[in-house]
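As a plain string of letters, each chain reads:
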Amino acid sequence: DPSLPPLKPHYPPPQNAPDLSSPPQEPPHLASLIKTLNLQQHIEGGYFVETDRDPWRIPNPFYRADATTAPNTTTFYTSTGAVSADLSAQLTDQDKAQKPEEGKEKEGEEDKAKTRNASTTIHYLLTPQSPQGAWHRNRGRTIHTLHKGRGRYVIIHADEIMPSYDSHYGVAGDRKAKIETFVVGHDTERGERLQWIVEGGKYKASFLLPVGDEKEGEEEGLLISETVVPGFEYEDHDFMRVERLEALLRKEQADEVRWLLRR
Ligand code: GUN
């Protein structure tokens, strides 16, 4: 939307990746919400809790027997084409410790890789203390629904310029990806969205915006639900790195959204 202001943080961006062992101090009303909903810090920033994981298992649409093309590289197939993830290089030890799958025997893992839970749903919260969700993509399509507050989303349509991309060494050619940005909020008259969809393979980042007349320290935060189809798995998740951001975008665009990279 060209009528939106430039992409600038409204609350100070985090200086480091979230320290999962020491969550930020939140004001009482947000601490209470976090406790009531049982939210945990998310590796992207913000807080989340998985509220549903459909036990129905469906064939994994991303599964390919030839998926591994290079050490630590996984080829995956989104709704619009193949892309790849080099997960081991970007997950911290802390992230790996969170992975529930590890330590399973190989055969069970392969069987599991051929299916996925049909869907998963989470709550996701941004607060002034943890005001942004860092650049990442997911293989699955994500349906977002607003509950509270206001924020801005930024989408990079990377999948449209890497349709059969199966290596993590670069972005094909000189083509640049389109950026899309919109405000999510309750002011529908002003074009703010209550629901928004992000297709698999597109990069997404988000940040908290003030609602209007609220005082500093009294912000309600941005609370949403996200449903991923098929269900979320860590191996479908891929953080953006600065090299790819710079390859995907024109320099002025990259400069405008670099602050949303995971620290
Ligand atoms: N575990 C860590 N991140 C996520 C996520 O985004 N969705 C779900 N369902 N589980 C997660």
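This is a predicted model, so every value here is computed, not measured. (Residues numbered from 1 in each chain as written. Predicted model: local features only at pLDDT ≥ 70, side-chain atom pairs only at ≥ 80, totals over all residues. Heavy atoms only, no water.)

### Quick look at the pairing of strand S13 (residues 203–209)
Move 1: When you tally the buried positions in S13, you get seven out of seven residues, the bulk of the element.
Move 2: The alternating pattern of S13 places Tyr203, Ala205, Phe207 and Leu209 and Lys204, Ser206 and Leu208 on opposite faces, both of which are buried.
Move 3: Looking at chain direction, strand S8 (residues 132–138) and S13 are connected through four bridges and run antiparallel. Directly across from Gly133, in S13, lies its bridge partner Ser206.
Move 4: In this sheet, S13 lies alongside strand S10 (residues 150–156) in antiparallel orientation, the contact comprising seven bridges. Paired with Arg150 across the two strands is Leu209, which belongs to S13. (Buried < 20%, exposed > 50% of the residue type's maximum accessible area, 1.4 Å probe, protein only. Helix = DSSP H or I, 4+ residues; strand = E, 2+ residues; numbered from the N terminus. Pairing = 2+ DSSP bridges.)

### Structural notes on the sheet that holds strand S9 (residues 141–148)
Move 1: Read from one edge of the open sheet, six strands run S1-S2-S7-S14-S9-S12, paired in antiparallel fashion. In the strand order of this sheet, the two ends are held by strand S1 (40–41) and strand S12 (195–198), each with one partner.
Move 2: Across six bridges, the pairing between strand S2 (residues 47–53) and strand S7 (residues 120–126) is antiparallel. Residue pairing for S7: Val49 is matched across the bridge by His123.
Move 3: On the sheet, helix H1 (residues 28–37) packs against S2, S7 and strand S14 (222–229) and is oriented at approximately 165 degrees with respect to S7. (Contact = heavy atoms within 4.5 Å. Axes fitted to C-alpha atoms, helices over the stretch in contact; angles between N-to-C directions.)

### Thoughts on the pattern of salt bridges
Move 1: Taken as a whole and assessed by the stated rule, the structure comprises 17 salt bridges.
Move 2: Measuring nitrogen to oxygen at the nearest pair gives 3.8 Å for the salt bridge that ties Arg193 to Glu180. One end of the pair, Arg193, is in the loop between strand S11 (179–184) and S12; the other, Glu180, is in strand S11, and 13 residues separate them in sequence.
Move 3: Judged by relative accessible area, which is 32%, Arg193 ranks as partly exposed. (Salt bridge = Lys/Arg side-chain N within 4 Å of Asp/Glu carboxyl O.)

### Regarding the pairing of S2
Move 1: As defined by bridge partners, S1 adjoins S2 across two bridges and the pair is classed as antiparallel. Each bridged residue has a counterpart across the sheet, and for Gln41 the counterpart in S2 is Tyr47.
Move 2: Remark: five residues form the turn of the hairpin made by S1 and S2, two consecutive strands paired antiparallel; Gly45 in that turn has positive phi of roughly 105 degrees.

### Some thoughts on H1
Move 1: By the burial criterion, the buried members of H1 are Leu30, Leu33 and Ile34. Down the axis of H1, the buried side of the element spans an arc of 95 degrees, and every buried residue falls inside it. Among the exposed residues of H1, those pointing more than 90 degrees away from its buried face are Pro28, Lys35 and Thr36.
Move 2: Its buried side turned inward, H1 meets S2 and S7.
Move 3: Just beyond H1, the residue with positive phi is Asn38, at close to 60 degrees. (Arc of directions from axis to C-beta.)

### A closer look at the environment of Ala177
Move 1: On the secondary structure map, Ala177 appears in the loop between S10 and S11.
Move 2: Along the sequence, Ala177 and Arg250 sit 73 residues apart, while their C-alpha atoms lie 8.5 Å from each other.
Move 3: Those residues in contact with Ala177 that sit more than four places away from it in its chain are Ile156, His157, Ala158, Ile161, Leu248, Leu249 and Gln253.

### Let's talk about the site of the ligand
Move 1: Neighbouring residues of the ligand: His42, Phe48, Glu50, Thr120, Ile122, Phe232 and Tyr234.
Move 2: Side-chain polar atom of His42 to a nitrogen atom of the ligand: 2.9 Å apart, as the coordinates give it.
Move 3: Here Tyr234 contributes a side-chain N or O atom positioned 3.5 Å from a nitrogen atom of the ligand.
Move 4: Relative to its unbound accessible area of 270 Å², the ligand is 91% covered by the protein chains.
Move 5: Listed by contribution, the elements that provide at least two residues to the shell around the ligand are S2 and S7.
Move 6: Residue composition of the shell around the ligand, grouped by class: four nonpolar, two polar and one charged. (Near = heavy atom within 4 Å. Polar contact = N/O pair within 3.5 Å; in protein donor to acceptor, adjacent residues only side chain to side chain. Areas by Shrake-Rupley, 256 points an atom, 1.4 Å probe, with all protein chains shown as cover. Nonpolar A, V, L, I, M, F, W, Y, C, P; charged D, E, K, R; others polar.)

Everything listed here is a matter of geometry and, on its own, says nothing about what the molecule does.
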